[in-house]
Amino acid sequence: FLQAAGFGWLTPFVVSAAGRRTKTRGHSTADAGAVFPQSVASGDPSPTGVVLWTRVDPAAWSAETPLRFEIATDDGFRRIKLAGEVAPQDFAAARDFTVHLDLDGHLDAGRIYFYRFLHGSTASRTGRCRTLPRAGAS
């Protein structure tokens, strides 16, 4: 079932320096439903990560436009914990324009994070996820 749902593989991505503000000004959520028709999702939490998911509408996909992502500790994305980029060929037709990012090892335990995807000038809706507490923590 998981392989049929697309969880049998994870999308390669490049991470930029954590803690730096990324250039996201000028992005709008007005077309989020057209560019990201299935919105965003998260799952499979661990103490140091989660898996993030989205799908770009095939009509919005371009071989020249990467998909960027941001994970922040605040919903205004003023404190970026992690940001990165997925190359267009890594979420093309062969992968049904779908992205699965396994962030295990990149986040802190027991924290709430906010995340979004950026494609062209469009930002997805903001998702919220939580990592598991450290083993033995109460």
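Heads up: these notes are all about the structure in this document. Quantities reported herein were computed from a predicted structural model and do not represent experimental measurements.

**Let's talk about the overall build of the protein**
Line of reasoning, step 1. Along the backbone of the protein there are one helix and nine strands.
Line of reasoning, step 2. Ordered by position in the sequence, the α and β elements of the protein form the string β-α-β-β-β-β-β-β-β-β.
Line of reasoning, step 3. Across the 138 residues of the protein, 41% fall into the buried class.
Line of reasoning, step 4. Residue pairs in contact within the protein that sit at least 24 positions apart in sequence constitute 69% of those at least 6 positions apart.
Line of reasoning, step 5. Summed over all atoms, the accessible surface of the protein reaches about 7,300 Å², with 51% contributed by carbon and sulfur.

**Comments concerning the sheet that holds strand 3 (residues 49-55)**
Line of reasoning, step 1. Read from one edge to the other, the open sheet built from three strands follows the order 2-3-6, with strand pairing classed as antiparallel. Two strands close off the open sheet at either side, each with one partner strand: strand 2 (40-46) and strand 6 (98-102). Taking each pair of neighbouring strands and ignoring which way they run, the sheet shows an average axis angle of 15°.
Line of reasoning, step 2. Relative to strand 3, strand 2 runs antiparallel, the two being bridged by five bridges. Note on strand 3: the bridge partner recorded for Ala-41 is Trp-53.

**Details of the packing of aromatic side chains**
Line of reasoning, step 1. Counted according to the given criterion, the structure contains two aromatic pairs.
Line of reasoning, step 2. Consider the rings of Tyr-115 and Phe-117, whose centres lie 6.5 Å apart with planes at 85°: the pair is edge-to-face.
Line of reasoning, step 3. Overall, the relative accessible area of 1% leaves Phe-117 in the buried class.
Line of reasoning, step 4. The lysine or arginine in question, Arg-111, covers the ring of Tyr-113, its NZ or CZ lying 5.8 Å from the ring centre.
Line of reasoning, step 5. The lysine or arginine in question, Arg-116, covers the ring of Phe-77, its NZ or CZ lying 3.9 Å from the ring centre.

**Points about the pattern of salt bridges**
Two side chains of opposite charge can pair, provided their charged atoms sit close to one another.
Line of reasoning, step 1. By the definition in use, this model includes four salt bridges.
Line of reasoning, step 2. Note that Arg-78 is salt-bridged to Asp-74, the shortest N-O span being 3.4 Å.
Line of reasoning, step 3. Of the residues examined, Asp-74 reaches a relative accessible area of 4% and is grouped as buried.
Line of reasoning, step 4. The salt bridge involving Asp-108 is made with Lys-81; its shortest N-O contact spans 3.2 Å. Of this pair, Asp-108 sits in the loop between strand 6 and strand 7 (112-119) while Lys-81 is found in strand 5 (residues 80-86), placing the two residues 27 residues apart along the sequence.
Line of reasoning, step 5. Accessibility expressed as a relative area gives 24% for Lys-81, which makes it partly exposed.

Rules and cut-offs
Residue numbering note: each chain is counted from 1, following its sequence as written. With the structure being a predicted model, the display of local features is reserved for residues of pLDDT at least 70 and the display and counting of side-chain atom pairs for 80 or more, all residues being used for whole-chain, interface and lining totals. Each side-chain value is derived from all of the structure's non-hydrogen atoms; neither hydrogens nor water enter the calculation. Secondary structure follows DSSP: runs of H or I at least 4 residues long count as helices, runs of E at least 2 residues long count as strands, and numbering of each begins at the N terminus. Accessibility here uses a 1.4 Å probe with only protein chains present; expressed as a share of the type maximum, an area under 20% marks a residue as buried, one over 50% as exposed, and anything in between as partly exposed. By definition in these notes, contact holds between two residues if any of their heavy atoms fall within 4.5 Å. Note on areas: Shrake-Rupley with a 1.4 Å probe; residue coverage comes only from the protein chains shown. Being paired, for any two strands, means DSSP has found at least two bridges between them. Here an angle of 0 to 180 degrees is reported between the N-to-C directions of two axes, which are lines fitted to C-alpha atoms, with helices fitted over the stretch in contact. Centres within 6.5 Å make a pair out of two Phe, Tyr or Trp rings, where for Trp the six-membered ring is used; the pair is then stacked when the planes are under 30 degrees apart, edge-to-face when over 60, and tilted otherwise. Both a distance and an angle decide whether a charge sits over a ring: NZ of Lys or CZ of Arg must be within 6 Å of the ring centre and within 35 degrees of the ring normal. Salt bridges are defined as contacts in which a side-chain nitrogen from Lys or Arg sits within 4 Å of a carboxyl oxygen from Asp or Glu.

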